[in-house]
Amino acid sequence: MNERHIIRPGQGGDRDVFEYALLRVVPRVERGECINAGVLVYCRGQDYVGARTHLDEARLLALDPHADVAGVRAALRAVEGVCAGGSSAGQAARDDAGRRFRWLIAPRSTIVRPGPVHTGLTTDPAAETERLLELLVR
């Protein structure tokens, strides 16, 4: 076990709990293969919900040469739009950050779907979103 991830009582400091889930692209459901294409992060303590995406087109086409790349990119942009709120979030714009996150992590049977939710501690959820994108997606 990596000691840097063990938090003992009183060691949390000014960090807030955050939750995150990977966005996975499953081009051919019958094969069960997927690639990571983004990360969703929610931090209740800072009223933050954010998504960062990166589609490795070559990896996607290696799994399915006939994959709808434009459709996948549109779905990933839509997730980012819901996280950003405002008019690009559509009906979800009226929801708070937590409700938008919960809606986005709900299980789906589409080509772009969320993975399981994990937790951590952070002082900067936006920077954490970028860090997780680099670590788990790119």
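Residues numbered from 1 in each chain as written. Predicted model: local features only at pLDDT ≥ 70, side-chain atom pairs only at ≥ 80, totals over all residues. Heavy atoms only, no water.

Identification of the protein as DUF3037 domain-containing protein from Streptomyces asoensis is taken from an unreviewed UniProt entry.

Engineer: Even after reading the chapter, I still don't get the overall build of the protein, so can you show me in this structure?
Structural biologist: Looking only at helices and strands, the protein has 4 helices and 4 strands in total. Beginning at the N terminus, the succession of helices and strands in the protein can be written as β-β-β-α-α-α-β-α. For the protein, with 138 residues in total, the buried portion stands at 39%. A fraction of 62% describes how many contacts in the protein between residues 6 or more apart in sequence connect residues 24 or more apart. Just so you have it, the protein exposes about 8,000 Å², and 50% of that area is on carbon and sulfur atoms. (Helix = DSSP H or I, 4+ residues; strand = E, 2+ residues; numbered from the N terminus. Buried < 20%, exposed > 50% of the residue type's maximum accessible area, 1.4 Å probe, protein only. Contact = heavy atoms within 4.5 Å. Areas by Shrake-Rupley, 256 points an atom, 1.4 Å probe, with all protein chains shown as cover.)

Engineer: I would appreciate a short explanation of the pairing of strand β2 (residues 35–43) in the present structure.
Structural biologist: Along a regular strand, successive side chains alternate from one face of the sheet to the other. Of all the 9 residues making up β2, 8 are buried; the element is thus mostly covered by neighbouring parts of the structure. As paired strands, strand β1 (residues 16–25) and β2 are joined by 7 bridges and run antiparallel to one another. Its bridge partner being in β2, Leu-23 is matched across the sheet by Gly-38. Relative to strand β3 (residues 48–53), β2 runs antiparallel, the two sharing 6 bridges. Directly across from Val-39, in β3, lies its bridge partner Arg-52. (Pairing = 2+ DSSP bridges.)

Engineer: Can you help me understand the side chain of Thr-53 in this one?
Structural biologist: With respect to the helices and strands, the residue Thr-53 is situated in strand β3. Side-chain polar atoms of Thr-53 contact the side chain of Glu-80, separated by 3.1 Å. (Polar contact = N/O pair within 3.5 Å; in protein donor to acceptor, adjacent residues only side chain to side chain.)

Engineer: Sorry, what's going on with the packing of aromatic side chains here?
Structural biologist: Aromatic rings considered in pairs are described by the distance between their centres and by the relative angle of their planes. Scanning the entire structure with this criterion turns up 2 aromatic pairs. Ring centres of Tyr-42 and Phe-101 lie 5.4 Å apart, and the angle between their planes is 20 degrees; this geometry places the pair in the stacked category. Taken together, the residues span a long stretch of sequence, with Tyr-42 in strand β2 and Phe-101 in helix α3 (residues 97–105) at a distance of 59 residues. Positioned above the aromatic ring of Trp-103, the side-chain terminus of Arg-108 is 4.8 Å from the ring centre. (Phe/Tyr/Trp six-rings, centres within 6.5 Å; stacked < 30°, edge-to-face > 60°. Lys NZ or Arg CZ within 6 Å of the ring centre and 35° of its normal.)

Engineer: What is the right way to read the environment of Ala-78 from this model?
Structural biologist: The topology assignment puts Ala-78 in helix α2 (residues 69–84). Judged by its relative accessible area of 42%, Ala-78 is partly exposed.

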